[in-house]
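A closer look at the structure
As a plain string of letters, each chain reads:
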Amino acid sequence: MIHIILAEDHHIVRGGIRSLLEKEKNFSITGEASNGEDVLNLLERGVKANIVLADMNMPQIGGIELAENLKLNYPNVKVIILSAMDNEKYVLKAFKAGAKGYLLKSVSPDELVFAIKHTHHFTQYICSDLSRRFLNRLLALPDPVTHKNVQNIDFSNREIEIISLLGEGFTNQEIADKLFTSKRTIENQRQAMIDKSGTRNTIALVRFAMLNAII
């Protein structure tokens, strides 16, 4: 049996989700809440929950803040975010906060049920619509090795160290100070790496190194 708490501040929406989930014989709706604070109160009172299906935007404590709280205080309770926001940054923010699932509110009833079962028994889940968008975005990216075959490029340990520092935002002078050498030497080595990789500038060099797992 999968014990579920529904957290949604719109009563009609919450009621619709409850009616849908109650049809599943292995689902038990153990509590309902209008915000994250109500969820915490339910858990403190001993209400059993394996899954909290939480709207991202709720008064007082929203879905992401709730996920952060449960990650610390109720690590065995998994949060699935239900949201209308499909921007990648919100998805990443939710998972970094501790959420185990992210579903758009346009998700089908069948996928909602599947997502709850999958998240409970296995691990993270992103709804198919978002997964398809992210995949298409990745497929549209240019080939990481756009200039030269990276297998034919041999960066020394010192060069990799310099690229890493460039990626962290250090200036040529700051890198020179860290590596106990001159600014001119760093500039020459940086230009040599740009020529070696076939990139156009420092930013492109760092991007090249990251895409090809050099740093």
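Refer to the structure above for everything that follows.
This write-up is about the structure you can find in this document. The structure presented is a predicted model; accordingly, all values stated were derived computationally and were not measured.

Okay, the overall build of the protein chain next. Counting its regular elements, the protein chain contains ten helices and six strands. Its C-alpha radius of gyration of 24 Å places the protein chain more than 25% over the 17 Å reference for a compact globule of 215 residues. Projecting the C-alpha coordinates of the protein chain onto the three principal axes gives extents of approximately 70 × 35 × 25 Å. A total of 215 residues make up the protein chain; the buried ones form 40% of that total. Counted over contacts in the protein chain with a minimum sequence separation of 6, partners at least 24 positions apart contribute 61%. Working note: accessible area of the protein chain is about 12,200 Å², and carbon and sulfur atoms make up 51% of it.

For the coordinates displayed, the defined rule picks out one cavity of 30 Å³ or more. There is about 40 Å³ of room inside the largest cavity. In terms of residue class, the lining of the largest cavity is built from six nonpolar, no polar and two charged.

For Asn50, the position within the fold is in the loop between helix H2 (36–44) and strand E3 (51–55). Once you skip the residues sitting within four places of it in the chain, Asn50 turns out to touch Met1, Ile2, His3, Asn76, Val77, Lys78 and His120.

Here we come to the environment of Glu37. For Glu37, the position within the fold is in helix H2. Those residues in contact with Glu37, other than ones at most four positions away along the chain, are Gln60 and Ile61.

Read across the open sheet, the six strands follow the order E2-E1-E3-E4-E5-E6; overall the sheet is parallel. Looking at which strands have only one partner, the edges of the open sheet turn out to be strand E2 (27–33) and strand E6 (125–126). Where strand E4 (residues 78–83) meets strand E5 (residues 101–104), four bridges bridge the pair, whose relative direction is parallel. Note on E5: the bridge partner recorded for Leu82 is Leu103. Set on the sheet, helix H3 (residues 63–73) makes contact with E3 and E4; between it and E3 the angle comes to about 155°.

Here the focus is the packing of H3 against helix H4 (residues 88–97). Angle between the axes and distance between the axes: these two values describe a pair of packed helices. The geometry of H3 relative to H4 is characterised by a closest axis approach of 8 Å and an angle of 20° between their N-to-C directions. It follows that H3 is roughly parallel to H4 by the angle criterion. Side by side, H3 and H4 meet where Ile64, Ala67, Glu68 and Lys71 of the first sit next to Lys93, Ala94, Lys96 and Ala97 of the second. Across the contact of H3 with H4, the residue classes break down as four nonpolar, no polar and four charged.

Cut-offs and rules
- Residues numbered from 1 in each chain as written.
- Predicted model: local features only at pLDDT ≥ 70, side-chain atom pairs only at ≥ 80, totals over all residues.
- Heavy atoms only, no water.
- Helix = DSSP H or I, 4+ residues; strand = E, 2+ residues; numbered from the N terminus.
- Rg over C-alpha atoms; globule rule 2.2 N^0.38 Å.
- Buried < 20%, exposed > 50% of the residue type's maximum accessible area, 1.4 Å probe, protein only.
- Contact = heavy atoms within 4.5 Å.
- Areas by Shrake-Rupley, 256 points an atom, 1.4 Å probe, with all protein chains shown as cover.
- 1 Å grid on protein atoms, 1.4 Å probe; cavity = no way out; pocket = protein on both sides within 12 Å on 5 of 7 lines; lining within 4 Å.
- Points joined across faces, edges and corners; volume = space filled by probe spheres on them.
- Nonpolar A, V, L, I, M, F, W, Y, C, P; charged D, E, K, R; others polar.
- Pairing = 2+ DSSP bridges.
- Axes fitted to C-alpha atoms, helices over the stretch in contact; angles between N-to-C directions.
- Parallel < 35°, antiparallel > 145°, perpendicular 65-115°, else oblique.

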